Amino acid sequence: MRRGRPAGELLRLPVRLHGIQLGRPLDAFVAADANRVLGFEVLCGDEATRFLPFAVARIGDEEISIDSALTLIDERDVEFYARRSRRLTTLGFAEPWVDEDGVVSEARTAA
């Protein structure tokens, strides 16, 4: 069984580098042709919006951690990803769930 978490919970996690908070996710960009998270739109402490690729983010229980601030792509390039993807918050899922590989699906209920 794949592990994951509700998307709302994921988007509330701070983005940190070695324990220092750099920002917080505003939304996630999902591939245009598949329900897979490409990365996060992050509002950083300097009020700039940057893109954090999902592939370099380590999703933990209390934070989204990164190894280098260089993995946060400059705000000028966020629009590039926005034009080639969909925002998670606009996909129409009642309760979106993101698994450990970034696949987005409707939350399953225990039966």
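This report concerns the structure included in the present document. (Residues numbered from 1 in each chain as written. Predicted model: local features only at pLDDT ≥ 70, side-chain atom pairs only at ≥ 80, totals over all residues. Heavy atoms only, no water.)

Notes on the overall build of the protein chain
Part 1: Scanning the protein chain for helices and strands turns up 2 helices and 10 strands.
Part 2: Order of helices (α) and strands (β) in the protein chain, N terminus to C terminus: β-α-β-β-β-β-β-β-α-β-β-β.
Part 3: Taken over C-alpha atoms, the radius of gyration comes to 13 Å for the protein chain, in line with the 13 Å a tight globule of 111 residues would show.
Part 4: Taken along its principal axes, the extent of the C-alpha atoms in the protein chain is 45 × 30 × 20 Å.
Part 5: Partitioning the contacts of the protein chain with sequence separation of at least 6, the portion at a separation of at least 24 is 49%.
Part 6: Carbon and sulfur atoms make up 50% of the accessible area of the protein chain, which totals about 6800 Å². (Helix = DSSP H or I, 4+ residues; strand = E, 2+ residues; numbered from the N terminus. Rg over C-alpha atoms; globule rule 2.2 N^0.38 Å. Contact = heavy atoms within 4.5 Å. Areas by Shrake-Rupley, 256 points an atom, 1.4 Å probe, with all protein chains shown as cover.)

Points about the sheet that holds strand S10 (residues 104-106)
Part 1: One open sheet holds the 3 strands; their spatial order is S1-S9-S10, and the pairing between them is antiparallel. The open sheet has two edge strands with one neighbour each: strand S1 (4-6) and S10. The mean angle between the axes of side-by-side strands here comes to 30 degrees, regardless of whether they run parallel or antiparallel.
Part 2: Here S1 pairs with strand S9 (residues 96-99) via 3 bridges, running antiparallel. Across the sheet, residue Gly-4 finds its bridge partner in S9, namely Asp-99. (Pairing = 2+ DSSP bridges. Axes fitted to C-alpha atoms, helices over the stretch in contact; angles between N-to-C directions.)

Fair warning: the whole summary comes from geometry, so function is off the table for now.
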